[in-house]
Amino acid sequence: MDQNQIDDIGHRIGSAAAQFAPSHKPTPLQKADAAAVLHAMVQATEIYGVKFADFDAVADFPRMAIQLVQSRDAQS
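Keep in mind it's a predicted model, so treat the numbers as computed, not measured.

Student: I would appreciate a short explanation of the overall build of the chain in the present structure.
Tutor: Scanning the chain from terminus to terminus reveals 4 helices and 0 strands. Going residue by residue from the N terminus, the α and β elements of the chain occur as α-α-α-α. Computed over its C-alpha atoms, the radius of gyration of the chain comes to 12 Å, within 12% of the 11 Å expected for a compact globule of 76 residues. Referenced to the eigenvectors of the C-alpha coordinate spread, the extents of the chain come out at roughly 35 × 25 × 20 Å.

Student: What should I look at first to understand the environment of Phe-20 in this one?
Tutor: Assignment of secondary structure puts Phe-20 in the loop between helix 1 (3-18) and helix 2 (28-46). Since its relative accessible area comes to 8%, Phe-20 is described here as buried. Along the chain, Phe-20 and Arg-63 lie 43 residues apart, while their C-alpha atoms are 9.0 Å from each other.

Reading the values: rules and limits
- Residues numbered from 1 in each chain as written.
- Predicted model: local features only at pLDDT ≥ 70, side-chain atom pairs only at ≥ 80, totals over all residues.
- Heavy atoms only, no water.
- Helix = DSSP H or I, 4+ residues; strand = E, 2+ residues; numbered from the N terminus.
- Rg over C-alpha atoms; globule rule 2.2 N^0.38 Å.
- Buried < 20%, exposed > 50% of the residue type's maximum accessible area, 1.4 Å probe, protein only.

Here it is in C-alpha cells:
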C-alpha cells in the first residue's frame, strides 16, 4: 500500500464522518481508529488480489469502519 492509498483512506474516513448526524459524529480518536481498521482490512486482502475498488463495489466500508469503532466504544 502506497502513501496515496493511505491518504485516500484518510479522505474517505473524513468524508464518511461528515455524513453522520451531529449527535453521532465520530470523535477524532474514532476516526483515527476507523482509518487504521480500514487500512488493515485493505492490506490483509491485497494478498488475494482484492483492491479498494472491490470494497467500493460491495459497501461503504469507510462508514462501516466508523460504525464498528463506535460500536466498540458503546460497549466499553
